Amino acid sequence: MSHTFVLVLVVITALSFDFTNGFHDTGNAMATSIATGALPPRIAVALSGVMNLVGAFLSFSVAATIASGLVQTGDVTLEVVFAGLAGGIFWNLMTWLLGIPSSSSHALIGGVIGSTLAAAGSHAIQWHNLVSKVILPAIFSPLIAGMVAIVGTYLVYRITQQVAGSTRSHGFRIGQIASASMVSLAHGTNDAQKTMGVITLALIVNGSIHSSSSAPDWVIISCALAISLGTYLGGWRVIRTLGKGLIDIDSPQGFAAESASSAAILLSAHFGYSLSTTHVATGSIIGSGIGKRGAEVRWNTAGRMATAWVLTLPSAGLVGALAYAIAHFIGGDAGAIVLFILVLALGVTIYLASRRKPVNHKNVNDDWEEGQEAPTPAPAVA
Amino acid sequence: MSWINLNALWKIVVVGLLAGAGLPAVFAIGMWALNLGRKPATVSATTGSADVPGKEESILGGSSTGLVIGAVCFLIFLAGIAFGIYYIVSGA
């Protein structure tokens, strides 16, 4: 049975999620480059947007795996996908408002699992895969990336000991343009595919395409554009936390952190782990703080992030389940419309709330004060 | 089915260290080499690195050996990036 109308809403919602995925994660690649001045803020987000766009077209090997490996696709309906996306968007927007770099991938996975649980019960979840492909990598990946960044940072400072400080900073700022671009490229490849996978799943569930089909071209192109546009708009709140909140970063550290991130993301993707670029980037940045002698890590901020990470899967899941309940209780097209309006209202509300303490390209690098994610006084925005 | 794929884990750690820490180190060697030949400046006691007040940000030190070593290092670094992109395209 085909529900074209609901399908259209699901696709729009999925692309909206992809968009939030983009701006939530700009900081993973660009936060340190912006903080060290390697790239002017607006150039950085533009470069990252382009790299995400290119990355989204580079490889399609993991597109179908996100949902099909974690839930029994036979139990998935359009409503389930829709509600899952609502859960993902909710968590992405909330954490963005608070300036917390949490995982967009976990938000999506949590949402889909929550709505599937509500719809079909526990047997529809592939728990083993959830633990071995999502939860354990989420614990290991920031540790590994952090360790690589510690070693990289130590080596980089040791080797360039004789080079004058300003010269060194200048050289590594150039290096950062390359390393940050790599992270953006890897991000585009990884994360754009996750939404492609979800839309493809919706198309399969709806009977629009055959179950063994890969993502149609229009799905690939629209997902690539959505994530890259989101990246370009830049999640300045998250960029600020990553670039200024964890450590006071210098360009050699930023360079080492970004190199560690790209290596960890690309390697894990190679082994089929659906890991979060956010976790990796955070681990790397903290690592680069530990690796430099005399540098200080703000463990308070790191602790807040870690708490958000732990909460991401269950919270997005809860909202996903709730969204499913609402849509299912009302039923049919009306249910989908109500859910769509709720998501839209949430987006507008959070956007308005964010305007009260705006963080943008002008104040993103202001000095960090403990417990204060938005700098005051906030400059007026046009 | 096991919970942790140890085979993948150690490969990620080892290759991750080589690429994620090794390549930045190569880049750093390149920069050190380019900077060779510059007159030793007053070494700051606190940071341990040489700071020249007023002298701004030129990386080239003037040694031709250094230039060659530097060029080789940066080529290795760029080759690493190229391999990374190839790695993505070839279907991770």
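Everything in this summary refers to the structure shown in the same document. These numbers were taken from a predicted model, which means no experiment stands behind them. (Residues numbered from 1 in each chain as written. Chains lettered and ligands numbered in written order. Predicted model: local features only at pLDDT ≥ 70, side-chain atom pairs only at ≥ 80, totals over all residues. Heavy atoms only, no water.)

Re the overall build of chain A
The condition that has to hold: Secondary structure elements follow DSSP: runs of H or I no shorter than four residues count as helices, runs of E no shorter than two count as strands, and numbering proceeds from the N terminus. Residue exposure (1.4 Å probe, protein chains only): buried if accessible area is under 20% of the type maximum, exposed if over 50%, otherwise partly exposed. The contact criterion used is simple: two residues touch if any of their non-hydrogen atoms lie within 4.5 Å. The Shrake-Rupley method, run with a 1.4 Å probe, gives the accessible areas here. Residue values count only the displayed protein chains as cover. Positive charges come from Lys and Arg, negative ones from Asp and Glu, while His and the chain ends are left out of the count. Positions of charges follow a simple convention, taking NZ of Lys, CZ of Arg, CG of Asp or CD of Glu.
For chain A, the helix and strand inventory stands at 13 helices and zero strands. Counting helices and strands in the order they occur from the N terminus, chain A gives α-α-α-α-α-α-α-α-α-α-α-α-α. For chain A, with 382 residues in total, the buried portion stands at 61%. Considering only contacts within chain A whose residues lie at least 6 apart along the sequence, 84% involve residues at least 24 apart. For chain A, the accessible surface area stands at approximately 13,600 Å², while carbon and sulfur atoms represent 68% of it. Here chain A holds 17 positive side-chain charges and 16 negative ones, and the gap between their average locations is 10 Å.

What to know about the packing of helix α1 (residues 4–36) of chain A against helix α11 (residues 277–291) of chain A
Packed helices, taken two at a time, are described by their axes: the angle between them and the distance between them. Residue and element names in this part refer to chain A. We count it as follows: Throughout, an axis means a line fitted to C-alpha atoms (over the contacting stretch in the case of helices), and angles, computed between N-to-C directions, take values from 0 to 180 degrees. For classification purposes, an angle smaller than 35 degrees is called roughly parallel, one larger than 145 roughly antiparallel, one from 65 to 115 roughly perpendicular, and anything else oblique. By the definition used in this description, the sense in which the near helix is turned from the far one sets the handedness, with an anticlockwise turn below a right angle giving left-handed and a clockwise turn giving right-handed. Here the term charged refers only to Asp, Glu, Lys and Arg, the term nonpolar to Ala, Val, Leu, Ile, Met, Phe, Trp, Tyr, Cys and Pro, and the term polar to all other amino acids, Gly among them.
Two elements in contact, α1 and α11, have axes separated by 8 Å at closest approach and are oriented at 25°. By the angle between their axes, α1 is roughly parallel relative to α11. In terms of crossing hand, the pair formed by α1 and α11 is left-handed. Where α1 abuts α11, its residues D25, N28 and T32 lie against T277, T278, A281 and I285. Across the contact of α1 with α11, the residue classes tally to two nonpolar, four polar and one charged.

Quick notes on the packing of helix α12 (residues 299–330) of chain A against helix α13 (residues 332–355) of chain A
All names here are of chain A. At a minimum axis distance of 6 Å, the contact between α12 and α13 shows a crossing angle of 145°. Crossing angle aside, the handedness with which α12 passes α13 is right-handed. Residue-level inspection shows A323, I326, A327 and I330 of α12 in contact with α13, the latter providing G332, A334, G335, V338, L339 and L342. Its residues assigned to classes, the contact of α12 with α13 shows eight nonpolar, two polar and no charged.

Some remarks on the interface of chain B and chain A
Here is the rule: Two N or O atoms count as a polar contact when they lie within 3.5 Å, although within protein this holds only if one can serve as hydrogen donor and the other as acceptor, and sequence-adjacent residues are included solely when both atoms are side-chain atoms.
On the chain A side, the residues contacting the 44 residues of chain B number 48 residues. Run the count over chain B and chain A and you get zero residue pairs in polar contact (both at pLDDT 80 or more). Looking at the side of chain B that touches chain A, the elements that each hand over two or more residues are α1 (6–34) and α2 (64–89) of chain B.

Focus: the packing of aromatic side chains
What counts, and what does not: By convention, a stacked pair of Phe, Tyr or Trp rings (six-membered ring in the case of Trp) has centres within 6.5 Å and planes under 30 degrees apart, an edge-to-face pair has planes over 60 apart, and any other such pair is tilted. We call a charge positioned over a ring when the NZ of a Lys or the CZ of an Arg lies within 6 Å of the ring centre and within 35 degrees of the ring normal.
In this structure the tally under the stated criterion is nine aromatic pairs over all chains. Ring centres of F19 of chain A and F23 of chain A lie 5.6 Å apart, and the angle between their planes is 70°; on these two criteria the pair is classed as edge-to-face. Separated by four residues within a single helix, F19 of chain A and F23 of chain A lie in helix α1, roughly one turn from each other. Residue classification places F19 of chain A among the partly exposed positions, given a relative accessible area of 25%. When its relative accessible area of 10% is taken as the criterion, F23 of chain A is described as buried. Seen in terms of ring centroids, F255 of chain A and F77 of chain B are 5.6 Å apart; in terms of plane orientation they differ by 45°. Their pairing is tilted. Linking F255 of chain A in helix α10 (residues 251–270) with F77 of chain B in helix α2, this pair reaches from one chain into another. Accessibility classification places F255 of chain A together with F77 of chain B in one group, the buried group. The ring of W96 of chain A carries the charged tip of R237 of chain A above its face, separated from the ring centre by 5.6 Å.

Some thoughts on helix α2 (residues 41–58) of chain A
Stated formally: A helix is expected to span 1.5 Å multiplied by its residue count minus one.
A rise of 1.5 Å per residue sets the reference length of α2 of chain A, with its 18 residues, at 26 Å; its end C-alpha atoms lie 26 Å apart and thus fit the reference within 8%. What α2 of chain A keeps buried is the set A44, V45, S48, G49, N52, G55, A56 and L58 of chain A.

Remarks on the nonpolar core
Side chains of nonpolar character tend, in soluble globular proteins, to be buried together. Quick reminder of the rule: Remark: nonpolar core denotes a set of buried residues (Ala, Val, Leu, Ile, Met, Phe, Trp, Tyr, Cys) joined through side-chain atoms within 4.5 Å.
Core analysis: the largest hydrophobic core is formed by 111 residues, its most contacted members being V10, V81, L85 and L246 of chain A. Those residues in contact with V10 of chain A that sit more than four places away from it in its chain are L78, V81, F82, L85 and A202 of chain A.

A closer look at the environment of S104 of chain A
Residue and element names in this part refer to chain A. Assignment of secondary structure puts S104 in helix α5 (residues 104–120). For S104, a relative accessible area of 1% puts it in the buried group. The sequence separation of S104 and G55 amounts to 49 residues, and the corresponding C-alpha distance is 17 Å. Those residues in contact with S104 that sit more than four places away from it in its chain are F17, N21, H24, D25, N92 and T278. Here N92 takes part through its side chain, which lies 3.4 Å from a polar atom of the side chain of S104.

A word on a nonpolar patch on the surface
Residues and elements named next belong to chain A. Short version of the rule: Each patch groups residues whose relative accessible area exceeds 30% and which form no salt bridge, using 9 Å between like charges and 5 Å between nonpolar side chains of Val, Leu, Ile, Met, Phe, Trp and Tyr. The salt bridge criterion pairs a side-chain nitrogen of Lys or Arg with a carboxyl oxygen of Asp or Glu, the two atoms within 4 Å.
On the surface, F329, I330, V338 and L342 cluster together into a nonpolar patch covering about 390 Å² of accessible area. Every element with two or more residues in the nonpolar patch is listed here: α12 and α13. Here F329 lies in helix α12. Owing to a relative accessible area of 75%, F329 belongs among the exposed residues under this scheme.

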